[in-house]
Amino acid sequence: MVSASIKSTEIRFGECNKKLLEEVIFYGISLGADFVELFIENSDNSSVLAEEDFITTVSPSFGKGAGIRIFKDKRDGFVSTNDLSKHGLMRSISQAIEMLDISKKNNNSNFNGLDKLKNYSKSKINWLNEVPTITEVSEKLLLSTKSLKKDKKVVVRKGSYARNWQEVIIASSDGTYATDIRLHQTVGLNIIANDAQYRSNGSRRFGSHGIPNEFRLWDHEKAANEVYETSMNMLYADYVQAGQMPVVLANKFGGVIFHEACGHLLETTQIERGTTPFSDKLNEKIAHESVTAIDEGLSEGSFGSLSIDDEGMEPEKSILIKDGILKKFLSDRAGELRTGHKRTGSGRRQNYSFAAASRMRNTYIAKGEFTKEELINSISDGLYCKSMGGGSVGATGQFNFAVEEGYLIKNGKLTKPVKGATLIGDAKEVMPKISMCGNDLELAPGFCGSVSGSVNVTVGQPHIKVDSITVGGR
Amino acid sequence: MNATEITTQITTAANILNIDKWDYGASFSNDYSVQVDRGTAKQLKASQKQVITLRVWNKENLVGITTTSDLSKTGIKKALKQANIAAEFGNKNEFTDFSPLAKDPIQVKEVDKKNPLGIKKLLKILREAESKLIESHEAIKSIPYNGLSESFYERIYANSDGAFRNYSKSQAAIYLYARAEEKDKKPRSSGSVKLGYGVEDIDIESCIKEAAKKTIAHLNYSSIKTGKYLVCLSPEAFLTLMNAFSSIFNARSIIDGVSLSDKNSIGDLISIPALNIYDDGLNEKNISSAPFDGEGTPTKKLSLINKGKLENFLHSESTAKIFNTIPTGHAGLGSKVSVSPDWLVIEKSNECSDLNMALEHKNYQGNFVYIEELNAIHAGVRASQGSFSLPFEGWLYNNGKKRSIESATVAGDIKYLLKNIINIENEEELTTSGISPHVWINELSITGDE
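Residues numbered from 1 in each chain as written. Chains lettered and ligands numbered in written order. Predicted model: local features only at pLDDT ≥ 70, side-chain atom pairs only at ≥ 80, totals over all residues. Heavy atoms only, no water.

(A) Molecular detail of the overall build of chain A. Along chain A, the regular secondary structure elements total 11 helices and 23 strands. In summary, chain A has a C-alpha radius of gyration of 24 Å against a globular reference of 23 Å for 474 residues, a match within 12%. Dimensions of chain A along its principal axes, counting C-alpha atoms only, are 75 × 55 × 35 Å. Buried residues in chain A amount to 63% of all 474 residues. Considering only contacts in chain A between residues 6 or more positions apart, those separated by 24 or more positions represent 75%. Accessible surface for chain A amounts to roughly 17400 Å². Of this, 48% is attributable to carbon and sulfur atoms. Of the side chains in chain A, 59 bear a positive and 59 a negative charge, and the two mean positions are spaced by 1 Å. (Helix = DSSP H or I, 4+ residues; strand = E, 2+ residues; numbered from the N terminus. Rg over C-alpha atoms; globule rule 2.2 N^0.38 Å. Buried < 20%, exposed > 50% of the residue type's maximum accessible area, 1.4 Å probe, protein only. Contact = heavy atoms within 4.5 Å. Areas by Shrake-Rupley, 256 points an atom, 1.4 Å probe, with all protein chains shown as cover. Lys, Arg positive; Asp, Glu negative; His and termini not counted. Charge placed at Lys NZ, Arg CZ, Asp CG, Glu CD.)

Quick look at the structure:
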């Protein structure tokens, strides 16, 4: 067991920690690590829940912690701790060194000190003071639940708000030294309508990054109307009949299918695992020529945007699929090391207790040339999925998504609402069947759970037509 | 910092801040985990975590809460202050108090203390397991999802009224999900999970055998025609469904209007009379058992469905007060306290004369669908509506022969399902989420590729 006997000092946010960080990194390199990375986090979060006409939950939380990652050859060891003292960080380094069984100090790397600090937080230091107070949030949430009170059939009304503020310091043995502040706000509305034996739900989530004032500007009346409309439209809906059929998927959150079914398969994490069918398909056609798909961290204010990723790299606009041809994989540091795909600024993690992994940011299918009506008119018997619920993808690429609000298409026209539909398939089969893309691209925020925890993302697409897909029903 | 020191520090800080009433739940853990990829260490992970959730009551008896990982004096003081501010927004419609049972005796299971094996030994064990699984069949090319972990933790509950309880535990887990591929066929994947108090308690050989057996069995697959089928749910699948619809038993969900039950549902016949369901967190086979809940209420066995009738709801302190009963030991800790089941035990009651005992999944010669595992629960279950539409892994049985189903979903309604159980087999099986026999359902909708 390697031990550190150095007098403790502690990481202090908002102050210069360069010397301390350099000592800790040097310690790791001197013990034989090829690469050392420190991710240090200070967080301040709060959430508020309004139910019916009352605030029922106000939950603040705060904390500090560090994630220490060491690479030796292509292996890595990760240790997380709440102890931000020098002694605590060095103990974590020792633990990671021991994990990787590094006994010989014949590392291939030198550490020449950290570069000049890249301070991405300069313009963001007041964000925490500029966000709405709990009183403001509570008042607006209560207005939103009041706006849902439109009908006796509405039996449950909920509004929820969450604010996550995160200050990070990233330092690694390649000289990377950066600080950043992130601010995510999200608000959701949920409704349950009930009439005799009939029951329906409606929900919407909105979110932003880096806009302290965003919640104040949120149009709660418009949101409430959308949610109410969904629940009323679906209240007396029949169950959809199962089968193979063409579908039109709406824009905004309809993009969750591309995110789940295809996007994850374009992360280098999946290449490492051998679970993507696309690993050897670079520059080959994997989708219909009408499909161009993008992942980027740059759209201002979008939920998945970032100034730097959690490995200190600025994000880029990654064109994943161009006119049906696979062009790029999303890669992080470990992905580049193990698969050879260059980093794309996609190394992301929920917090310090997770090692970064290649993850999506704002992911969407680019707009095409058709109107929504042209897509629907092209179908004689099919399904229009206006609002999607959650979904998942299995280890073999099979996906399954719930349709929250669906309508039958008969002879090119929308007809009756149907419930209980799920879309089932796998990316390899479905991507070539996306034959028409609309001209109405829009994004929607969401949370993506994967190997490095839950991260904020946006999904998106214009209306798209899938020529044939399995629709689960009754 | 230990439990006594934290309690002392909170007491001191609360006195300074003039806070008379508080409670807290804390957790300290050391976790170690490894993953491998074809013999190579993939990710090795260790973490030391400490987290405390503090509740305070203000002079108007409203509750505020804060969670933090900063257990320094400054951190605890800040947490108390924040919780006090949050209390100003406390729920005036529903008052929360200490559990009246927070000082009652608790039953702590006696388990031999385990020591950490350490990353190197974990890695060695997992490498060997991965290798054995890959060698078990030529079609198994990789084990993309695998892990071996051990966790050592302490949980504490204490309040300003003098309640104080804690327990320490260890837990270990292995999961192996293999991917099998054959020429001109779609890849198939299946696996197994095993738990133990320590790694040495886990039957790793059976995990390997189970993962191999399940994966290989699914290699020869075919699609299934969409339609209605006689269905046999594996113990795991039936427990998955009952946990997904546990809002039926959940007093918090009833108050919030998101349950299929209401306050007056106790005594209602919600399934066939042959069904009994208990929540039994202290069951000796439950590795994850905890002797008390988030509010310090002792864990206990509770009958939920007795001979088909709804017999009890799961309660926290505040829901119990509303229902004029006592807490049942199923609470979390929050300004609005959540309620959830611990570990379900499902059995055949003695009113089972109407069951079709000829339906035994090992012997039945007729046509039926065997559902081994349900997936995508978070996406496919509408608990407040009672409906589900879920992909599954399973087999189509035809005259005693079985064939893996390529890809399919099963859809239905939980009320219908519970009333249309036509057999509950005799043999009960232990799973990671509870105990259950195989359960047969008269008719469920299956969507396949045909």
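Resuming the write-up.
(B) The arrangement of the overall build of chain B in detail. Across its full length, chain B carries nine helices and 19 strands. Scaling as 2.2 N^0.38, a compact globule of 450 residues should have a C-alpha radius of gyration of about 22 Å, and chain B matches this with 24 Å. Considered along the principal axes of its C-alpha atoms, chain B spans approximately 75 × 55 × 35 Å. Here chain B, with 450 residues, has 59% of them falling under the buried criterion. Within chain B, counting contacts between residues at least 6 apart in sequence, those at least 24 apart form 71% of the total. Within the structure as shown, chain B displays about 18300 Å² of accessible surface, and the carbon and sulfur contribution to it stands at 47%.

(C) Just the domain arrangement of chain B, in detail. All names here are of chain B. Segmenting chain B into domains produces domain 1 (3-216) and domain 2 (218-241 + 353-447). Buried surface at the junction of domain 1 and domain 2, both sides included, amounts to about 1200 Å², of which 46% is carbon and sulfur. The interface formed by domain 1 and domain 2 contains two salt bridges. Glu 373 serves as the salt-bridge partner of Lys 214, at 3.7 Å between the closest nitrogen and oxygen. Broken down by secondary-structure element, the contributors of at least two residues to the side of domain 1 that touches domain 2 are β5 (164-180), β6 (188-196) and α4 (204-217). Broken down by element, the residue count for the side of domain 1 that touches domain 2 peaks at five residues, all from β6. Here the side of domain 1 that touches domain 2 is built from residues that sort into six nonpolar, four polar and five charged. (Domains from an automatic or database assignment. Buried area = accessible area lost by both parts, 1.4 Å probe. Salt bridge = Lys/Arg side-chain N within 4 Å of Asp/Glu carboxyl O. Nonpolar A, V, L, I, M, F, W, Y, C, P; charged D, E, K, R; others polar.)

(D) Main features of the domain arrangement of chain A. All names here are of chain A. The domains assigned to chain A are domain 1 (18-235) and domain 2 (238-472). Taking only C-alpha atoms, the centre of domain 1 and the centre of domain 2 are 23 Å apart. At the interface, 44 residues of domain 1 touch 36 residues of domain 2. Together domain 1 and domain 2 conceal approximately 3200 Å² of surface at their shared face, both sides included; 51% is due to carbon and sulfur atoms. Across the domain 1-domain 2 interface, the total number found is nine salt bridges. For Glu 404, the salt bridge identified is with Arg 204, shortest N-O distance 3.7 Å. Across the contact surface, domain 1 and domain 2 share 19 residue pairs in polar contact (both at pLDDT 80 or more). (Polar contact = N/O pair within 3.5 Å; in protein donor to acceptor, adjacent residues only side chain to side chain.)

(E) Inspection of the interface of chain A and chain B at higher detail. The partner chain B presents 65 residues to the 71 residues of chain A that form the contact. Carbon and sulfur atoms supply 49% of the area buried between chain A and chain B, which totals about 5500 Å² over both sides. Area buried by chain A at its contact with chain B is led by A:Phe62, A:Arg273 and A:Arg474, which between them contribute 14% of it. Among the ionic pairs, B:Lys186 bridges to A:Asp426, the shortest N-O distance being 3.9 Å. There are 28 residue pairs in polar contact (both at pLDDT 80 or more) connecting chain A and chain B. In terms of residue count, strand β2 (residues 54-72) of chain A provides more of the side of chain A that touches chain B than any other element does, 12 residues in total. Taken together, the residues that form the side of chain A that touches chain B break down as 22 nonpolar, 32 polar and 17 charged.

(F) The arrangement of the pairing of strand β10 (residues 302-306) of chain B in detail. All names here are of chain B. Taking burial as the measure, the five residues of β10 include four buried ones, the bulk of the element. Relative to β10, strand β9 (residues 275-279) is paired through three bridges, and the arrangement is antiparallel. Bridge pairing in β10 places Asp 279 opposite Leu 302. Between β10 and strand β11 (residues 309-310), which pair antiparallel one after the other, the connecting turn spans two residues, and Lys 307 there sits at a positive phi close to 50 degrees. (Pairing = 2+ DSSP bridges.)

(G) Summary view of the sheet that holds strand β12 (residues 325-326) of chain A. Residue and element names in this part refer to chain A. Pairing is mixed in the open sheet, where six strands are placed in the order β12-β11-β10-β15-β22-β21. Two strands lie at the open edges of the sheet, namely β12 and β21 (442-450), each paired on one side alone. Looking at chain direction, β21 and strand β22 (residues 453-461) are connected through nine bridges and run antiparallel. By the bridge assignment for β22, Ala 444 is matched with Val 459.

(H) Unusual backbone geometry, seen in detail. A positive phi angle, near 55 degrees, is found at A:Asp73, a position not held by glycine. Relative to the assigned elements, A:Asp73 resides in the loop between β2 and β3 (75-81). Positive phi, close to 65 degrees, is recorded for B:Asn61, a residue that is not glycine. Locating B:Asn61 in the fold gives a position in the loop between β2 (40-57) and β3 (63-68).

(I) Quick peek at the environment of B:Pro273. Residue and element names in this part refer to chain B. Of note, Pro 273 is situated in the loop between α6 (251-256) and β9. Separated by 80 residues in the primary sequence, Pro 273 and Ser 353 place their C-alpha atoms 9.5 Å from one another. Those residues in contact with Pro 273 that sit more than four places away from it in its chain are Lys 307, Gly 308, Ser 349 and Glu 351.

(J) Examining the packing of aromatic side chains more closely. One pass over the full model with this rule turns up 18 aromatic pairs over all chains. When the centroid spacing of 4.6 Å and the interplanar angle of 50 degrees are considered together, the rings of B:Phe368 and B:Trp440 count as tilted. Of this pair, B:Phe368 sits in strand β13 (residues 368-374) while B:Trp440 sits in strand β19 (residues 434-447), placing them 72 residues apart in sequence. Residues B:Phe368 and B:Trp440 agree in their burial class; the two are buried. Members of the aromatic cluster, joined through ring pairs, are B:Tyr364, B:Phe368, B:Tyr370, B:Trp395, B:Tyr397 and B:Trp440. One Lys or Arg, A:Lys419, reaches over the ring of A:Tyr239 and ends 4.9 Å from the middle of that ring. (Phe/Tyr/Trp six-rings, centres within 6.5 Å; stacked < 30°, edge-to-face > 60°. Lys NZ or Arg CZ within 6 Å of the ring centre and 35° of its normal.)

(K) Quick peek at helix α4 (residues 134-147) of chain A. Spanning 14 residues, α4(A) covers 20 Å between terminal C-alpha atoms, matching the ideal 20 Å at 1.5 Å per step. Turning to α4(A), its buried residues are A:Val137, A:Ser138, A:Lys140, A:Leu141, A:Ser144, A:Thr145 and A:Ser147. (Expected span 1.5 Å × (residues − 1).)

(L) The environment of B:Ser288, seen in detail. Residue and element names in this part refer to chain B. Checked against the element boundaries, Ser 288 lands in the loop between β9 and β10. Given a relative accessible area of 38%, Ser 288 falls into the partly exposed group. Residues within four places of Ser 288 in sequence aside, it is in contact with Lys 169, Gln 171 and Leu 195. Polar side-chain contacts of Ser 288 include one of 3.4 Å to the side chain of Gln 171.

(M) Representation of helix α2 (residues 86-99) of chain A within the structure. Residues and elements named next belong to chain A. With 14 residues, α2 ought to run about 20 Å at 1.5 Å a step, and its terminal C-alpha atoms sit 20 Å apart, in line with that. The buried fraction of α2 is high, at 11 of 14 residues. All buried positions along α2 are accounted for by Lys 86, Gly 88, Leu 89, Met 90, Ser 92, Ile 93, Ser 94, Gln 95, Ala 96, Ile 97 and Met 99.

(N) Examining the packing of helix α1 (residues 18-30) of chain A against α2(A) more closely. Residue and element names in this part refer to chain A. Look at α1 against α2: their axes get within 9 Å of each other, and the N-to-C directions meet at 20 degrees. Relative to α2, α1 is oriented roughly parallel. The element α1 and its partner α2 pack so that their crossing is right-handed. Where α1 approaches α2, its residues Leu 20, Glu 23, Val 24, Tyr 27 and Gly 28 are matched on the opposing element by Lys 86, Leu 89, Met 90, Ile 93, Ser 94 and Ile 97. (Axes fitted to C-alpha atoms, helices over the stretch in contact; angles between N-to-C directions. Parallel < 35°, antiparallel > 145°, perpendicular 65-115°, else oblique. Left-handed = near helix turned anticlockwise from the far one by under 90°.)

(O) Representation of the side chain of B:Ser389. Mapped onto the secondary structure, B:Ser389 falls in strand β15 (residues 387-398). Exposure remark for B:Ser389: the relative accessible area of 5% places this residue in the buried category. Looking at B:Ser389, its side chain comes within polar contact range of the side chain of A:Thr422, at 3.2 Å. Excluding residues that lie within four positions of it along the chain, B:Ser389 makes contacts with A:Asn400, A:Gly420, A:Thr422, B:Gly380, B:Thr409, B:Val410 and B:Ala411.

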